[in-house]
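An overview of the molecular structure
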Amino acid sequence: MTFFSGEVYDTGVGWSFGLEIDGVEIKEIQEVTGLKLESDAIELKHNTSDGKYINKRLPGRKKSGELTFTRGITGNKGWVDWIDHVFKGDMKSARKNGVVKLYNYQGDSTMEFKFTNGWPRSLEISNLKAGDTTVVTEKLTLVHEGLEKAD
């Protein structure tokens, strides 16, 4: 496997992405945070046969994590209904799989990150203030049991 091929690629653009949950495209996402592939680091301390101290770092288990999605509030109550499954203890309905897709300038998918068994931990509505002219948003924080780059 070659990690660094030497080929030159255009960088991705941060404004061109999509979200799909259980095969359903979620429209008008403004922001995605938490795309992080991570593992534990195990510290192995020991002495060699000649008495030298060695501190070695080994890869551990793959970590699960959280993703946060922000979108403008519309008449769509999908995220409220989804977190309601969690509040009622219906985790079979609450756990969903999904994909965050990154697109290039031509609109072609260039990279995908798949999450497994994600469920909403919190749903936050942005601040409301008299006289404010900003868009009211909803921010969904989703915990997952695994995130991986799709092939």
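A brief report on the enclosed structure follows. (Residues numbered from 1 in each chain as written. Predicted model: local features only at pLDDT ≥ 70, side-chain atom pairs only at ≥ 80, totals over all residues. Heavy atoms only, no water.)

Turning our attention to helix α1 (residues 78–87). Every buried residue belonging to α1 is among Trp79, Trp82, Ile83 and Val86, and all of these are buried. Here the buried residues of α1 occupy an arc of 90° about the axis, which is enough to place them on one side. Positive backbone phi, at 80°, marks glycine 89, one or two positions downstream of α1. (Buried < 20%, exposed > 50% of the residue type's maximum accessible area, 1.4 Å probe, protein only. Helix = DSSP H or I, 4+ residues; strand = E, 2+ residues; numbered from the N terminus. Arc of directions from axis to C-beta.)

Further remarks concern unusual backbone geometry. Although it is not a glycine, aspartate 22 sits at a positive phi angle of roughly 45°. Along the chain, aspartate 22 falls in the loop between β1 (17–21) and β2 (24–26). The phi dihedral of asparagine 117 falls on the positive side, at around 50°, and the residue is not glycine. Position of asparagine 117 among the secondary structure elements: in strand β8 (residues 109–125). Asparagine 117 sits in the partly exposed class, given a relative accessible area of 25%.

Strand β5 (residues 53–62) sits mainly on the outside: 0 of its 10 residues count as buried. One ladder, built from 8 bridges, connects strand β4 (residues 39–47) with β5; its direction is antiparallel. The residue bridging alanine 41 from the neighbouring strand is proline 59, located in β5. Taken together, β4 and the strand that follows it, β5, pair antiparallel across an intervening segment of 5 residues, in which glycine 51 is found at a positive phi of about 90°. (Pairing = 2+ DSSP bridges.)

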